[in-house]
Amino acid sequence: MSSQRKHLRSPAYLRFRRRLITGLFLMATLAIAVVVSQFRTTYVERELAVKTQTEHHVKAMEAHVLYSLQSVDLSLIGFANAIKVLNAQQRNSPEMMSELLSSRGSTFNGEYWITFLDTRGVAIATSTGNNINGSQYADRDYFKAHLDIAMRGKLFIGEPALGLRSSQRLFFLSRRVESAKGEFLGVIVAPLNVSRYLTVFENSRFNSDISIALVHARGKVIAAVPNFEASFGRDLGSTDLFDNVRRASSGTYKTIGNGDNFTRIFSYRVFEKLPLIVVVGSNDSESARLLQQNSLIAGAGLILLLILIAGAGHFSLRTYTRQEERELRFRALYSASREMEQKLLANEEERKKNEESMKLAALLFQNSGEGMMVTDADGRILTVNPAFSLLSGYTEKEVIGHRGYELTTSRQDINFYTRMFKSIAHTGQWEGELWHQHKDGEEYLVAMRFNTVYDEWGNPFRYVALLSDITKKKASEELVWRQANFDALTGLPNRRMFHEHLRQEMKKTDRSHLPMALVFIDLDHFKEINDTLGHDKGDLLLKEVAIRLSGAVRGTDTVARLGGDEFTVILSELHNAGDVVRTAQEILKQMSTPFNLGNAGDKHIAHISSSIGITLYPEDGADAETLIKNADQAMYAAKQQGRNRFNYFAPFMQEATRVRMTLVNELREAVNHDELRILFQPIIDLASGKICKAEALVRWQHPVRGLLNPAEFISIAESSGMIVGIGDWVFKQAAREVQKLQALGLPDFQISVNKSAWQFRDNGSNYEQWLDFLQELHLDANSIIIEVTENLLLDTANSVSERMLALQHAHMQISLDDFGTGYCSVAFLRRFDIDYIKIDPTFVSNLSNGTDGVVLCEAIIAMAHKLDIKVIAEGIETPQQLAALTAAGCDLGQGYLFSRPISAEELEKQIKNELPPVNNSLDIHRTTCE
């Protein structure tokens, strides 16, 4: 105790204690600051997450409601167009109108029905078949609104109300019905049952804290969950919702809900050009609960941390005290040993005393719990204690004469040892960590302290090293660090480490002035994998995704998993902007390659793809949060465009616009430089197997990009107005070719030409010039088949209908393309007197998927034949499809089974050769296609 008290009064000890207390105080302060900061960050992130969740949710609800309204509006437009062509007697006939309104199904899946009111507001008929003739609705807003001529061509949406007869909770969509001359004929009304939205809203609530409401712009609630019964028809005009709506058409605010008095974060969106508002609220009571819970956890954790820091300080003081005591004892030991050597011959009695001291020193050396090693001034090992042998696996005889650094591993380079030896030379000591290698080859980490023993002249005489194994301690610290910063499933950096890496790469970009890209990746159809194969296979898929993503980027790039099926890649220091595109394309390729999630005896193949959003720093944002938001938005844009693609953040859309303008200019030059080409795909008479028609298909022989399909330039031609000139050119090329083919002895041969809706509008092609050109070639008008889509028939413009009917009056035939994919009804087929319908290739491809595909095609063919319309099947690729269509009575067919699109010369050659019937030469055709 006296020696300890003397040591405590030493200046070295006091200096160490002051430094230790200062360090512990700084550590405690830093810990408090980190806990407070992390607590605040967690709370803010929670509230931001709730806000983002409601914003995404309200967009989804808006899209659903808008889609349902558009579906109902299409029905209103269709029936309004059908009613306008009826005479007054037919319009006022309840039986006639009831048959017309119920032609597409009397209940429309029970979601709405159709009612026609005459010019006085008196009901004539309804699609449900109920007798409402004579009922008065003139006082209803959905009728009175259309008395104003300003509502011509506009959709009216009324406030919610109880049905006059049904007593159901409804809101009403209506349109004004006019004659071709603009005379008011009545109102077509569609009452919508509010319960359809309640079901969708309720199913989309992934927890009970979510509230969803559809509100009329005049303030009344149409549909809301929860508490629908109490909320229906409630006026919200004086609430915070409408205070915010008056300032902006969309936004987010926080207030107390009117229905249940819960504090919520609300996001709302006002429908464009429609008097509707959708609002989604999320209860932030979870945030308050987490705030209280995290406060208790953080407080308890902070107290525990301070206790550990205090304990560590106390332990360090005791350790320091013991180390200095050991050093003093060893110094005294070796000093005594030196003196004993000098006096050994002079004084035998003194020699015996020194022998006792040596025995005592040896006893201490041999029984020390720490490994000890003594070297000479040149670093050669003189002796080691048993604890050292236990630590290293080497006996004393095996290491004597060797240098100490021979026991270390190659993890420490020459610079490390240079610094260590310099410290020992200048200060007489060194303390640090080194990797040693056990005799059995295993590496272990030791904490080592070197001290120098000097002779009486001040020269280094011996070096004493103390060693202790800290491998497990370091491994435990490493495990804790990895758990906090890396994803446990994939081994990739987690969200926390990703944010740290992102900020570091942004600083690096600021120094190097080389741009950085943030890539946000979301897996398409991952939920289906979990639902069908199970979550264990889903986890295995995520591991494989992490491996492929890491292999698709450079070694200097960072791949992280944010959670779920969301991944990010940080592409740092980009020397070439094209590197981003190549990386995104490689990721798309890797993600769309099938994943084998089973073993040799249990094969599970998963097919997914990915949607990628890309943003650049510093062009797109100055901080990490902005970049993450930008990348996320770009990813959602990629999903909306069809998935399995990448998309840049909006500012870089300017580059896409520039490319589009370049393509527009090149397309103008293509028309002038004769770069457009016409190919023909034969159409086969399935009964005889002979070529009887062909479809004209336009291609662009681009001087750089090669042969381009219509999908790559037709939309540009339509938006720029060049479609009119291109369409007229295609028409004339097809007419000249059909003239040649008819001259070969096929007077009834026809060529079909695709026409865009743009060519039938007021500023479109002059169809009369088409007929004049056919007369110049001495061709009948029915030599050309005009091929249009269902959307053209739904076009409400009078000019479209007039031009279509004018072509038919000239005996030019009409073919309806992609039948079954749009909204065309039997009424439109009758009105426009369609000659051919073309079954969409998706229906043909489904012929092999059981009986449903066959039944659907048979139904289409039977319906067409009842209407005296011939049927052409597109996309026939297999003999099985051909056999099924022939058995169903299909008239004509085209597809790769017969021929790919070919040039005019090849078409003429095939016809001249008079090929045998297709049914007897499928192998020949298949070989030609291949």
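Scope of this entry: the structure provided in the associated data block. Everything quoted here is computed from the prediction, not taken from an experiment.

Another aspect to go through is unusual backbone geometry. The linkage connecting valine 225 with the following residue, proline 226, adopts the cis geometry, with an omega of -5°. Relative to the helices and strands, proline 226 is located in the loop between strand E8 (221–225) and helix H7 (228–231). In the Ramachandran plot, asparagine 644 falls in the positive-phi region, its phi being about 55° despite a non-glycine side chain. Within the secondary structure layout, asparagine 644 lies in the loop between helix H19 (624–640) and strand E23 (645–648). By relative accessible area, which is 39% here, asparagine 644 ends up partly exposed. At aspartate 868, a residue that is not glycine, the phi angle is positive and equals roughly 60°. By secondary structure assignment, the location of aspartate 868 is in the loop between helix H28 (851–866) and strand E31 (870–873).

Another point: the sheet that holds strand E19 (residues 566–571). Each strand in a sheet pairs with its neighbour through backbone hydrogen bonds, running either in the same direction (parallel) or in the opposite one (antiparallel). Strand order in this open sheet of five strands is E18-E19-E17-E22-E23, and the pairing throughout is mixed. Whereas interior strands pair on both sides, the edge strands pair on one side only; in this sheet they are strand E18 (558–563) and E23. In this sheet, adjacent strand axes meet at a mean angle of 20° when their direction is disregarded. Bridging between strand E17 (residues 516–524) and strand E22 (residues 609–617) involves nine bridges; their strand directions are antiparallel.

It is worth spelling out the pairing of strand E25 (residues 690–702) at this point. Within E25, ten of the 13 residues are buried, leaving the element largely enclosed by the surrounding structure. Pairing between strand E24 (residues 676–685) and E25: ten bridges, direction antiparallel. Pairing of aspartate 685 across the sheet is with lysine 690, part of E25. Hairpin connection between E24 and E25: a loop of four residues separates the two successive antiparallel strands, and glycine 689 in this loop has a positive phi of roughly 80°. Relative to strand E27 (residues 750–754), E25 runs parallel, the two being bridged by four bridges.

Soluble, globular proteins show a tendency: their nonpolar side chains are buried together. Counting 77 residues, the largest nonpolar core has Ile751, Ile786 and Ile837 as its most contacted members. Ranked by residues supplied to this core, first place goes to helix H22 (residues 723–743) with nine residues. Sequence-distant contacts of isoleucine 837, defined by excluding residues within four places in its chain, comprise Leu816, Phe819, Leu829, Ile860, Ala864, Ile869, Lys870, Val871 and Ile872. Ranked by size, the runner-up nonpolar core spans 45 residues in total, among them Val65, Ala82, Ile188 and Phe232.

Looking now at the environment of lysine 690. Relative to the helices and strands, lysine 690 is located in strand E25. Residues lysine 690 and leucine 892 lie 202 residues apart in sequence; the distance between their C-alpha atoms is 9.9 Å. Those residues in contact with lysine 690 that sit more than four places away from it in its chain are Ile683, Ile684 and Asp685.

Glancing now at the sheet that holds strand E13 (residues 381–384). Across the sheet, five strands lie side by side as E13-E12-E16-E15-E14; this open sheet has antiparallel pairing. A strand with exactly one partner marks an edge of an open sheet, and here the two such strands are E13 and strand E14 (429–437). With strand direction ignored, the average angle separating the axes of adjacent strands in the sheet is 25°. Relative to strand E16 (residues 460–469), strand E12 (residues 371–376) runs antiparallel, the two being bridged by six bridges. Bridge assignment links valine 374 to a residue of E16, and that residue is valine 464. Sitting on the sheet, helix H13 (residues 414–427) touches E14, strand E15 (443–454) and E16, and the angle it makes with E14 is about 150°.

Positionally, lysine 755 belongs in the loop between E27 and helix H23 (767–776). A distance of 2.9 Å separates a polar side-chain atom of lysine 755 from the backbone oxygen of glycine 727. Not counting residues up to four positions away in its chain, the partners in contact with lysine 755 are Gly727, Asp728, Phe731, Phe760, Trp770, Ile786, Glu787 and Val788.

Attention now goes to a positive patch on the surface. A cluster of basic side chains, namely Arg15, Arg17, Arg18 and Arg19, defines a positive patch on the protein surface. Relative to the helices and strands, arginine 18 resides in helix H2 (residues 11–84). The class of arginine 18 is exposed, set by a relative accessible area of 53%.

In total, this model carries 26 salt bridges according to the counting rule given. The salt bridge partner of glutamate 202 is arginine 205, with a shortest N-O separation of 2.9 Å. The salt bridge involving lysine 838 is made with glutamate 787; its shortest N-O contact spans 3.2 Å. Here lysine 838 is found in strand E30 (residues 836–839), whereas its partner glutamate 787 is found in strand E28 (residues 784–789), with 51 residues between them in sequence. Under the relative-accessibility criterion, lysine 838 is labelled buried at 0%. One network of salt bridges, in which partners are shared, links Asp522, Asp524, Lys639 and Arg643.

Time to look at the packing of aromatic side chains. Considering all chains together, one arrives at twelve aromatic pairs under this definition. The interplanar angle of 35° and the centroid separation of 6.3 Å between the aromatic rings of tyrosine 197 and phenylalanine 201 together place this pair among those described as tilted. You can see tyrosine 197 and its partner phenylalanine 201 sitting in helix H6 (residues 195–204), four residues apart, about one turn around the helix. The class of tyrosine 197 is buried, set by a relative accessible area of 0%. Pairing phenylalanine 731 with tryptophan 770 gives two aromatic rings, centres 5.2 Å apart and planes at 20°, and the pair type is stacked. Here the residue phenylalanine 731 occupies a position in helix H22, and tryptophan 770 occupies one in helix H23, the gap between them amounting to 39 residues. The residues phenylalanine 731 and tryptophan 770 share a single accessibility class, namely buried. An aromatic cluster of at least three residues, connected via ring pairs, comprises Phe416, Tyr417, Phe421 and Trp430. Taking NZ or CZ as reference, arginine 411 lies 3.9 Å from the ring centre of tryptophan 435, over its face.

The contact between helix H15 (residues 495–512) and H19 brings their axes to 10 Å, and the two run at 110°. Classified by the angle their axes make, H15 and H19 are roughly perpendicular. In this structure, H15 uses Phe498, His499, Leu502, Arg503 and Met506 to contact H19, whose residues at the interface are Ala624, Glu625, Leu627 and Ile628. Along the lines of polarity and charge, the residues of the contact of H15 with H19 split into six nonpolar, one polar and two charged.

Where H22 contacts helix H30 (residues 904–912), the axes come no closer than 11 Å and their chain directions differ by 20°. Looking at the two axes, H22 sits roughly parallel to H30. Both H22 and H30 take part in a crossing whose hand is right-handed. Between H22, through Glu737, Lys740 and Leu741, and H30, the contact on the second element is made entirely by Ala904, Leu907, Glu908 and Ile911. Taken together, the residues that form the contact of H22 with H30 break down as four nonpolar, no polar and three charged.

Moving on, we come to H15. Each turn of an α-helix holds 3.6 residues, which means side chains three or four residues apart point in the same direction. In this model H15 runs 25 Å from its N-terminal to its C-terminal C-alpha over 18 residues, within 8% of the 26 Å that 1.5 Å per residue would give. Looking only at H15, the buried set comprises Met497, Phe498, His499, Leu502, Glu505, Met506 and Thr509. Taken together, the buried residues of H15 touch helix H14 (471–485), E17, E18, E19, E22 and H19. Put simply, asparagine 494 is the residue that caps the front of H15, since its side-chain oxygen is 3.2 Å from the backbone nitrogen of arginine 496.

Moving residue by residue along a regular strand, the side chains alternate between the two faces of the sheet. Burial runs high along strand E7 (residues 210–216): seven of the seven residues are buried. Both faces of E7 are covered, namely the face carrying Ile210, Ile212, Leu214 and His216 and the face carrying Ser211, Ala213 and Val215. With seven bridges connecting them, E7 and strand E11 (residues 276–283) associate as antiparallel partners. Note that in E11 the partner of leucine 214 across the bridge is valine 278. Taking the residues between adjacent antiparallel strands as the criterion, E7 and E8 are bridged by four residues, where glycine 219 takes a positive phi near 115°.

How each quantity is defined
Residues numbered from 1 in each chain as written. Predicted model: local features only at pLDDT ≥ 70, side-chain atom pairs only at ≥ 80, totals over all residues. Heavy atoms only, no water. Helix = DSSP H or I, 4+ residues; strand = E, 2+ residues; numbered from the N terminus. Buried < 20%, exposed > 50% of the residue type's maximum accessible area, 1.4 Å probe, protein only. Pairing = 2+ DSSP bridges. Axes fitted to C-alpha atoms, helices over the stretch in contact; angles between N-to-C directions. Core = buried A, V, L, I, M, F, W, Y, C linked by side-chain atoms within 4.5 Å. Contact = heavy atoms within 4.5 Å. Polar contact = N/O pair within 3.5 Å; in protein donor to acceptor, adjacent residues only side chain to side chain. Patch = residues over 30% accessible without salt bridge, like charges linked within 9 Å, V, L, I, M, F, W, Y side chains within 5 Å. Areas by Shrake-Rupley, 256 points an atom, 1.4 Å probe, with all protein chains shown as cover. Salt bridge = Lys/Arg side-chain N within 4 Å of Asp/Glu carboxyl O. Lys, Arg positive; Asp, Glu negative; His and termini not counted. Charge placed at Lys NZ, Arg CZ, Asp CG, Glu CD. Phe/Tyr/Trp six-rings, centres within 6.5 Å; stacked < 30°, edge-to-face > 60°. Lys NZ or Arg CZ within 6 Å of the ring centre and 35° of its normal. Parallel < 35°, antiparallel > 145°, perpendicular 65-115°, else oblique. Nonpolar A, V, L, I, M, F, W, Y, C, P; charged D, E, K, R; others polar. Left-handed = near helix turned anticlockwise from the far one by under 90°. Expected span 1.5 Å × (residues − 1).

That is the geometry; function is a separate question.
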